[in-house]
Amino acid sequence: SMGNMEKTVLINKLRLESDRPLRELTDSLRISKSSYEYCRAKLRAKDKYAQLRIDIRRIFDGAGGTRGYRYVHNELREGGVVVSEKVVRRLMAEEGCKVAYLKRKRRYNSYKGEISDAPPNLVRRNFHADAPNKLWLTDITEFKLPSEEKAYLSPVIDCYDGLVVAWRIGRRPNAALANGSLEDACGTLSPGQHPVCHSDRGCHYRWPGWIGICEGNGLTRSMSKKGCSPDNAAMEGFFGLLKKEFWHGRDWSDWTPARFIEELGGWIGRYNTERRSDALGGRTPAEFRSALGRAA
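As a starting point, this report considers the structure included with it. (Residues numbered from 1 in each chain as written. Predicted model: local features only at pLDDT ≥ 70, side-chain atom pairs only at ≥ 80, totals over all residues. Heavy atoms only, no water.)

**Quick notes on helix 4 (residues 50-62)**
With 13 residues, helix 4 extends 18 Å between its outermost C-alpha atoms, agreeing within 8% with the 18 Å of an ideal straight helix rising 1.5 Å per residue. Along its buried surface, helix 4 packs onto helix 5 (69-78) and helix 6 (85-94). In the stretch just after helix 4, G64 is the one whose phi turns positive, near 75°. (Helix = DSSP H or I, 4+ residues; strand = E, 2+ residues; numbered from the N terminus. Expected span 1.5 Å × (residues − 1). Contact = heavy atoms within 4.5 Å.)

**Notes on the nonpolar core**
Formed by 30 residues in total, the largest nonpolar core has its most connected members in L153, F238, L242, F246, F260 and L264. Residue contributions to this core peak at 7 residues, all from helix 9 (residues 233-247). The contact partners of F238, leaving out residues within four places of it in the chain, are P155, I157, V164, W267 and Y271. (Core = buried A, V, L, I, M, F, W, Y, C linked by side-chain atoms within 4.5 Å. Buried < 20%, exposed > 50% of the residue type's maximum accessible area, 1.4 Å probe, protein only.)

**Side note on the layout of surface pockets**
One water molecule sets the probe size; rolling that probe over the atoms shows where empty space is left. Considering only enclosed or pocket space, the second largest pocket measures out at about 680 Å³ in volume. The wall of the second largest pocket is formed by 30 residues, among which L241, Y271, R275, S277 and A279 lie closest to the centre. Counting only elements with at least two residues in the lining of the second largest pocket, the list comes to helix 5, strand 3 (150-158) and helix 9. The biggest single contributor to the lining of the second largest pocket is helix 9, with 6 residues. Here the residues of the lining of the second largest pocket sort into 15 nonpolar, 6 polar and 9 charged. (1 Å grid on protein atoms, 1.4 Å probe; cavity = no way out; pocket = protein on both sides within 12 Å on 5 of 7 lines; lining within 4 Å. Points joined across faces, edges and corners; volume = space filled by probe spheres on them. Nonpolar A, V, L, I, M, F, W, Y, C, P; charged D, E, K, R; others polar.)

**Remarks on the packing of helix 1 (residues 4-17) against helix 3 (residues 33-44)**
At a minimum axis separation of 9 Å, helix 1 and helix 3 run at an interaxial angle of 85°. Taken together, the axes of helix 1 and helix 3 lie roughly perpendicular to each other. Facing N4, M5, T8, V9, I11, N12 and R15 of helix 1, the residues of helix 3 in contact are S35, Y36, C39, R40, K42 and L43. Of the residues that constitute the contact of helix 1 with helix 3, the class distribution is 6 nonpolar, 4 polar and 3 charged. (Axes fitted to C-alpha atoms, helices over the stretch in contact; angles between N-to-C directions. Parallel < 35°, antiparallel > 145°, perpendicular 65-115°, else oblique.)

**Thoughts on the pairing of strand 4 (residues 164-170)**
In terms of residue burial, strand 4 counts as a mostly covered element, since 5 of its 7 residues are buried. One ladder, built from 6 bridges, connects strand 3 with strand 4; its direction is antiparallel. Paired with L153 across the bridge in strand 4 is I169. The antiparallel pairing of strand 3 with strand 4 creates a hairpin that spans 5 residues between the two strands, and G162 there sits at a positive phi of about 80°. (Pairing = 2+ DSSP bridges.)

**Side note on the packing of helix 9 against helix 10 (residues 257-273)**
Between helix 9 and helix 10, the least distance of the axes is 12 Å, while the angle of their chain directions is 115°. Seen along the crossing, helix 9 lies across helix 10 with a hand that is right-handed. Where helix 9 abuts helix 10, its residues F238, L241, L242, E245, F246 and W247 lie against F260, E263, L264, W267 and Y271. Looking at the contact of helix 9 with helix 10, its residues break down into 9 nonpolar, no polar and 2 charged. (Left-handed = near helix turned anticlockwise from the far one by under 90°.)

**Brief notes about the side chain of N272**
Residue placement: N272 occurs in helix 10. At 2.9 Å, the side chain of N272 and the backbone nitrogen of V164 are in polar contact. Apart from residues lying up to four places away in sequence, N272 is in contact with L163, V164, W167, T284, P285 and A286. (Polar contact = N/O pair within 3.5 Å; in protein donor to acceptor, adjacent residues only side chain to side chain.)

See below:
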């Protein structure tokens, strides 16, 4: 399973540490002598990517080891470095810049039964909008700290550009958390804007308070089918991205809930203003929306 370059490195080491002939080593590792000589010459040559390797490592480490080669390539391009994605991907592999994907633990579930009539699914898994504030998604996700304390995030996402329009973070997954994020989101609306607000069938979105906020602001409610997470896949995708880049792989020992909540809010703010997306042409959600305003 070793590549020729790895075999060459091993042969060089064995030649220094033993008196075994070169032919015996190349035969045992199944590499031709000509291939060995070619790889040995490349190892001796000056690495033309030496500075690029340093830049890649700096960007990867700066993102906490949570971003892949496309993000690194975009950051290099923003810095004026012209290099192909394939080269970036190869160098990241050689430098050991590998994103760790951890298994998700059991997710928080807010479903409490059919406590009120559910509106129809108006979205039908089409999570695209041609203008801001036409289609919103929302849900609640749970974070369990090593101290057994928990925190809950309730964001509202705009399908136009993925912007987190509003969010609330709290210690309890209650009506105040869900209602608060929706009220904050409604506070950003301009006259005449009445989005469709899509959610799962959680109890938070079926209580009178939530329904009243929707009706008072002219929002149209939409809900997924019971127990069908793909019906809110874009929201689940945001949570997956959040958990991968912010939550997994970090040591949260000794973090108080208050400090964690502040750190989580900071990540969401940076997501809106600093995280570049290929889907947005390498721009952040804030830059994409700002460009729309200039074009108008």
